[in-house]
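Residue-level listing of the chains:
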Amino acid sequence: HPAFLDALLRILREIYGYKLRLKVVESDATVALPDLFIKWFGFLKVLEKWKAEYVNLSREETVYKKSGGKILKSIPVPKTMEEADYFITVPKLKTNSLTKITCCLKNQFGCLPFVNKRRFHWVIDEVIAEVNKVMKPNLCIVDGIISHVGVQGPAFGQPLYSKLVIVGFDPVAVDTFASKLLGFNPRFVGHIIKSKKVGVGSMNYELINLADDSLTKPIYKPNYFEWLLYRFGAFLQEKAKKVKVER
């Protein structure tokens, strides 16, 4: 949310002043046009206000780094990401029809400079883990003031006024807590388990500065039957597309 970014940039300027070089990054995707979105949704004014640079990672030079993974053995890391002294990931708290949740770990999937990221959807959990091995955030700040839930999230989910912010240094731990908030067992969220296995972080966490004890309870309860039915329908659609292309 532009207001959330505005607050974060203000805090960084108050603490570190204007000698700090701030870059706000995004990348192109199949259905995402960040160069236009920053204008349409008010981000450009926020960036100008706090003298932060906007960088489209899809238009940068890249350095290939080995991930040791099975899918992307070498990952193209945009120049800005490679040269950054400190990386803050700022996702929204959302469900996702493909990965159950989309939070800190999946946010780095968006750092891949490829436009056609959908080609990795069939191995999305593995790719998320591999990307986080080479582009792991130093700090995670999750905007859950208005979260997004529902089986068709994030594109067609429902907004939920959940009034919370989650902050942590370990993206695996933060996503573990976030998945519980969204009603999912983190041990059945593929990219969390795989990220833990490759050494990105730990699923153990300790809650501190908890504003409200009720925040330990789920804010959303997914209907698993509806979820499975929706995923099966999406699978059939993808299969139909492949058949049509092959013909």
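All figures in this text were calculated on a predicted structure; none of them were measured in a lab.

What counts and how
Residues numbered from 1 in each chain as written. Predicted model: local features only at pLDDT ≥ 70, side-chain atom pairs only at ≥ 80, totals over all residues. Heavy atoms only, no water. Helix = DSSP H or I, 4+ residues; strand = E, 2+ residues; numbered from the N terminus. Contact = heavy atoms within 4.5 Å. Areas by Shrake-Rupley, 256 points an atom, 1.4 Å probe, with all protein chains shown as cover. Lys, Arg positive; Asp, Glu negative; His and termini not counted. Charge placed at Lys NZ, Arg CZ, Asp CG, Glu CD. 1 Å grid on protein atoms, 1.4 Å probe; cavity = no way out; pocket = protein on both sides within 12 Å on 5 of 7 lines; lining within 4 Å. Points joined across faces, edges and corners; volume = space filled by probe spheres on them. Nonpolar A, V, L, I, M, F, W, Y, C, P; charged D, E, K, R; others polar. Buried < 20%, exposed > 50% of the residue type's maximum accessible area, 1.4 Å probe, protein only. Polar contact = N/O pair within 3.5 Å; in protein donor to acceptor, adjacent residues only side chain to side chain. Axes fitted to C-alpha atoms, helices over the stretch in contact; angles between N-to-C directions. Parallel < 35°, antiparallel > 145°, perpendicular 65-115°, else oblique. Left-handed = near helix turned anticlockwise from the far one by under 90°. Salt bridge = Lys/Arg side-chain N within 4 Å of Asp/Glu carboxyl O.

A. Summary view of the overall build of the protein. For the protein, the count of helices and strands is 9 helices and 10 strands. In terms of overall dimensions, the protein has a C-alpha envelope of 55 × 45 × 35 Å along the principal axes. Contacts in the protein between residues at least 24 apart in sequence constitute 67% of all its contacts with a sequence separation of at least 6. If you sum the accessible surface of the protein, you get close to 14600 Å²; carbon and sulfur atoms cover 57% of it. Computed over 38 positive and 24 negative side-chain charges, the inter-centroid distance for the protein is 5 Å.

B. Local environment of the layout of surface pockets. By volume, the second largest pocket is sized at about 440 Å³. Contributing to the lining of the second largest pocket are 17 residues, with Val165, Ile166, Val167, Leu207 and Ile208 lying nearest its centre. Mapped by element, the contributors of at least two residues to the lining of the second largest pocket are strand 10 (164-168) and helix 7 (171-181). Residue contributions to the lining of the second largest pocket peak at 5 residues, all from strand 10. Here the residues of the lining of the second largest pocket are counted per class, giving 14 nonpolar, 2 polar and 1 charged.

C. Region of the structure containing the environment of Val90. Inspection of the secondary structure puts Val90 in the loop between strand 5 (88-89) and strand 6 (92-96). In this structure Val90 comes out as partly exposed when scored by relative accessible area, which is 34%. Placed 113 residues apart in sequence, Val90 and Met203 show a C-alpha to C-alpha distance of 19 Å. Discounting chain neighbours no more than four positions away, the residues touching Val90 are Phe4, Leu8, Asn107 and Ile141.

D. Expanded view of the side chain of Ser27. Among the structural elements, Ser27 can be located in the loop between strand 1 (23-26) and helix 2 (34-40). On the basis of relative accessible area, Ser27 is assigned to the buried category, the value being 3%. Side-chain polar atoms of Ser27 contact the backbone oxygen of Leu112, separated by 3.5 Å. A distance of 3.1 Å separates the side chain of Ser27 from the side chain of Lys117, its partner in a polar contact.

E. Local environment of the packing of helix 6 (residues 124-134) against helix 8 (residues 190-197). Their axes nearest at 8 Å, the elements helix 6 and helix 8 cross at an angle of 40°. As the angle between them shows, helix 6 and helix 8 are arranged oblique. Helix-helix and strand crossings are classified by hand; for helix 6 and helix 8 the assignment is right-handed. From helix 6, Asp125, Glu126, Ile128 and Ala129 reach across to helix 8, where they touch Gly190, His191, Lys194 and Ser195. A per-class count over the contact of helix 6 with helix 8 returns 2 nonpolar, 3 polar and 3 charged.

F. Up close: helix 8. For helix 8, the complete set of buried residues consists of His191, Ile192, Ile193 and Ser195. Looking at the residues trailing helix 8, positive phi occurs at Gly199, about 90°.

G. Structural view of the pattern of salt bridges. Following the criterion strictly, the structure yields 8 salt bridges and no others. In this structure, Arg21 and Glu53 form a salt bridge, with 2.7 Å as the shortest nitrogen-oxygen distance. Taken together, the positions of Arg21 in the loop between helix 1 (2-16) and strand 1 and Glu53 in strand 2 (residues 53-56) put the pair 32 residues apart, joining distant regions of the chain. A relative accessible area of 61% places Arg21 in the exposed class. Here Glu82 makes a salt bridge to Lys65, at a shortest N to O gap of 3.5 Å. Of this pair, Glu82 sits in helix 4 (residues 79-83) while Lys65 is found in strand 3 (residues 62-66), placing the two residues 17 residues apart along the sequence.

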